[in-house]
Amino acid sequence: MGRIRDPSLSERGRRQIEWAERHMPVLLRIRSRFARETPLEGVKIGACLHVTKETAALVRTLEAGGAEVCLAASNPLSTQDDVAAALSEGGTDVYAWRGQTEEEYRWAIDMVIRSGPNVTMDDGGDLTVAIHEAGAAEGVWGGTEETTTGVIRIRALEREGRLAYPVVAVNNAATKWDFDNVYGTGQSALDGIIRATNILLAGKRVVVAGYGHVGRGIAARARGMGARVIVTEVDPVQALRAVMDGYDVMPMSEAARVGDVFVTATGNVDVLRGEHFAVMRDGAVLANAGHFDVEISVGEIREAAREVRRVRPNLEEYVMPDGRRIYLLAEGRLVNLVAAEGHPSEVMDISFANQALAVERLVAERGRLQPRVIGVPPEVDREIASLKLESMGISIDKLSPEQEAYLRSWR
Ligand SMILES: NC(=O)c1ccc[n+]([C@@H]2O[C@H](COP(=O)([O-])OP(=O)(O)OC[C@H]3O[C@@H](n4cnc5c(N)ncnc54)[C@H](O)[C@@H]3O)[C@@H](O)[C@H]2O)c1
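Along each chain, numbering runs from 1 in the same order as the chain's sequence is written. Where local features are concerned, this predicted model is filtered to residues with pLDDT of at least 70; where side-chain atom pairs are given and counted, the filter is 80 or more; whole-chain, interface and lining totals use all residues.

**Let's talk about the overall build of the protein chain**
Step number 1: In this text, helices come from DSSP runs of H or I with a minimum length of four residues, and strands from runs of E with a minimum of two, each type numbered from the N-terminal end. Scanning the protein chain from N- to C-terminus turns up 18 helices and 16 strands.
Step number 2: Atoms counted for the radius of gyration: C-alpha only. Globule rule: 2.2 Å times residue count to the power 0.38. Here the C-alpha radius of gyration of the protein chain, 22 Å, is about what a compact globule of 411 residues would show, namely 22 Å.
Step number 3: Looking at the protein chain as a whole, 51% of its 411 residues qualify as buried.
Step number 4: For every residue pair, C-beta atoms are placed from the backbone, and the pair is scored as a contact if these atoms sit within 7 Å. Put simply, of all contacts in the protein chain between residues at least 6 apart along the chain, 72% involve residues at least 24 apart. Counting other C-beta atoms within 10 Å of its own, a residue is labelled buried from 20 upward, exposed at 12 or fewer, and partly exposed in the gap between, with every C-beta atom placed from the backbone.

In structure tokens:
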């Protein structure tokens, strides 16, 4: 079952997955235990995740634990067709191909719902929201959510008293949010910008909108490549942090006039919009690293342009009425997943270790958890971090009994 682009790509996909797995030792350790203990025997998992080689490594881990997985993509443009082919050949029901229309994207999510999942895994909240809208939550024991925007949406459901089952906010685990979003997106967003444009970042003025986890990572990596980084923010604490980290901070209305490259990382709508396009320099490059394609008002730039042309893959040129040209990457969708390959495997190793353990917990505790957004316990964070350090050959100090007693005492 399933629907993918081209089954003949499976051999290439298998090699990609093998390459990813080489860099995912923590997940592989969990896989060995799952294979021995089969904690997910007979469990149906419905997943809506970016179909990348790292996601394939996660799916194989869940299957080793005894689960049956039905997978749709969490973005119409992020699927790696070779990986989808390899997974499908291995027996996973995959409904994903790169370049889905909006309608096909929704259809694929619907197929996951129809597979009757006991546990859902989501990246961005589209599957969870679709299940709630369809009134199809009855057989679902629990779910997981991979990204900041998804957690925000599911918290909104919870606030309205409409969340029908417990959802683990995997995104908010320390070993996810402080690593994947920071180092993963930091590197892969620049990778996407470079693959799409091949411009030199040294000396460029790179404007990063949002100085949260993702924005911090992108700003640091852009600076590392010699860019002059400007940060825009709406939160005074985050803005102050950016100032003290040594960046120029200003409103977007000012940054728009001077930036060469713009990267949005806010999880918010219309961060770059008509008034900004109107004052940008000729040649400005726009990229989005936030979850949805809403941060750059693509509609407004299309409306304003007198001509649109595809220059290279993932790079569109918009000619403004006064002749200035503005370049939009990846149609305003996640630049790191559309124009590059998403996060490197090493960081997805710990994100997906969290996912695998969260699924195991939802299965073990089914029926006992409230329909709330729940966190990853700190001891799981510590275990994942310890395993990662161990796999890197790094050891750390231990508290002595005296030190432990000192830290416990009020004296
Ligand atoms: N591309 C990827 O692979 C990837 C990976 C992880 C997260 N994400 C997505 O990236 C987005 C950001 O995630 P995060 O973890 O950094 O969230 P975060 O909450 O840590 O940071 C978001 C920041 O944006 C700021 N902000 C909000 N509106 C703004 C505006 N109009 N102008 C300037 N700043 C504004 C907030 O004050 C906050 O500091 C989310 O949509 C998340 O789902 C993408």
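**Quick word on the pairing of strand β12 (residues 285-288)**
Step number 1: Going residue by residue along β12, you find V285 and A287 tucked away on one face and L286 and N288 tucked away on the opposite face as well.
Step number 2: Following DSSP output, two strands are said to pair if at least two bridges run between them. Pairing between strand β11 (residues 261-264) and β12: four bridges, direction parallel. Paired with F262 across the bridge in β12 is L286.
Step number 3: As paired elements, β12 and strand β15 (residues 325-329) share two bridges and run parallel to each other. Its bridge partner lying in β15, V285 is registered against Y327.

**Description of the nonpolar core**
Step number 1: Core membership is restricted to buried Ala, Val, Leu, Ile, Met, Phe, Trp, Tyr and Cys residues, and these are joined into a nonpolar core through C-beta atoms within 7 Å. L71, A96 and V359 are the most contacted members of the largest nonpolar core, which has 71 residues in total.
Step number 2: Residues within four places of L71 in sequence aside, it is in contact with A47, L49, V51, V59, L87, T92, D93, V94 and A96.
Step number 3: Counting 50 residues, the second largest nonpolar core, distinct from the first, contains A196, A227, A242 and I296.

**Comments concerning the site of the ligand**
Step number 1: In this analysis a residue is considered near a molecule or strand if the C-beta atom, reconstructed from its backbone, is found within 6 Å of that molecule or strand. Around the ligand lies a shell of 28 residues, among which G210, G212, V214, G267 and H291 are the nearest.
Step number 2: Of all the elements in the fold, those that place two or more residues in the shell around the ligand are α7 (148-159), α9 (180-197), α10 (213-224) and α15 (335-338).
Step number 3: Examining the composition of the shell around the ligand, we find that three residues originate from one element, α10, more than from any other.
Step number 4: Put simply, Ala, Val, Leu, Ile, Met, Phe, Trp, Tyr, Cys and Pro go in the nonpolar bin, Asp, Glu, Lys and Arg in the charged bin, and everything else, Gly too, in the polar bin. The class makeup of the residues in the shell around the ligand is nine nonpolar, 17 polar and two charged.
Step number 5: Counting residues domain by domain, the shell around the ligand receives three or more from each of domain 1 (2-178 + 343-391) and domain 2 (184-338). Just so you know, the domain bounds were taken from an automatic or database domain assignment.

**Considerations on the sheet that holds strand β10 (residues 248-249)**
Step number 1: The eight strands are arranged β10-β9-β8-β11-β12-β15-β14-β13 in an open sheet whose pairing can be described as mixed. Single-partner strands in this sheet number two, and they are β10 and β13 (307-312).
Step number 2: Relative to strand β14 (residues 315-319), β13 runs antiparallel, the two sharing five bridges. Its bridge partner being in β14, V308 is matched across the sheet by Y318.

**Comments concerning unusual backbone geometry**
Note: most peptide bonds trans; most residues except glycine with negative phi.
Step number 1: You will see that N198, though not glycine, has its phi angle at about 55°, which is positive.
Step number 2: Residue placement: N198 occurs in the loop between α9 and β8 (205-209).
Step number 3: One non-glycine residue, N314, adopts positive backbone phi at about 65°.
Step number 4: Mapping N314 onto the fold places it in the loop between β13 and β14.
Step number 5: Of the residues examined, N314 has 22 C-beta atoms within 10 Å and is grouped as buried.

**Let's talk about the packing of helix α2 (residues 25-37) against helix α3 (residues 53-64)**
Step number 1: Every angle, taken between N-to-C directions, lies between 0 and 180 degrees, and every axis is a line fitted to C-alpha atoms, over only the stretch in contact when it is a helix. Packing of α2 against α3 leaves a shortest axis separation of 8 Å and a crossing angle of 20°. One way to sum up the angle between α2 and α3 is to call them roughly parallel. The hand of the α2/α3 crossing is left-handed. Mapping the contact onto sequence places L27, I30, R31, F34 and A35 in α2 and A57, L58, T61 and A64 in α3. Orientation labels follow simple angle bins: below 35 degrees gives roughly parallel, above 145 gives roughly antiparallel, 65 to 115 gives roughly perpendicular, and whatever is left gives oblique. If you view the pair so one helix is near and one far, a crossing is left-handed when the near helix is turned anticlockwise from the far one by less than a right angle, and right-handed when it is turned clockwise.

**A word on the environment of R36**
Step number 1: As for its position among the elements, R36 is in helix α2.
Step number 2: Along the primary structure R36 and A242 are separated by 206 residues, whereas in three dimensions their C-alpha atoms are 47 Å apart.

**Comments concerning the sheet that holds strand β2 (residues 44-48)**
Step number 1: Within the open sheet, the eight strands sit side by side as β1-β4-β3-β2-β5-β6-β7-β16. Their pairing is parallel. Each edge of the open sheet is held by one strand with a lone partner, namely β1 (2-3) and β16 (373-374).
Step number 2: As paired elements, β2 and strand β5 (residues 119-122) share four bridges and run parallel to each other. Counted as the bridge partner of C48 is D122 from β5.
Step number 3: Contacts from helix α16 (residues 345-364) reach β2, β5, β6 (142-145) and β7 (167-169), with the element oriented near 155° to β5.

**Some points on the domain arrangement of the protein chain**
Step number 1: What the domain assignment reports for the protein chain is domain 1 (2-178 + 343-391) and domain 2 (184-338).
Step number 2: Taking only C-alpha atoms into account, the centre of domain 1 sits 29 Å from that of domain 2.
Step number 3: At the junction of the two partners, domain 1 supplies 14 residues and domain 2 supplies 13 residues.
Step number 4: Here the side of domain 1 that touches domain 2 gets three residues from one element, more than from any other, and that element is α7.
Step number 5: Residues of the side of domain 1 that touches domain 2, tallied by class, amount to five nonpolar, eight polar and one charged.

**A look at the pairing of strand β3 (residues 68-72)**
Step number 1: For β3, a buried count of four out of five residues is recorded, marking the element as mostly surrounded by other parts of the structure.
Step number 2: Where β2 lies against β3, five bridges are found, and the strand directions are parallel. Residue pairing for β3: I45 is matched across the bridge by V69.
Step number 3: Crossovers are marked right-handed if the path from the first strand over the helix to the second runs clockwise, as seen with the strands pointing away from the viewer. The handedness of the β2 to β3 crossover, carried by α3, is right-handed.
Step number 4: Looking at chain direction, β3 and strand β4 (residues 93-95) are connected through three bridges and run parallel. Bridging across to β4, C70 finds its partner in D93.
Step number 5: Taken together, β3, helix α4 (residues 81-89) and β4 constitute a β-α-β crossover, and its handedness is right-handed.

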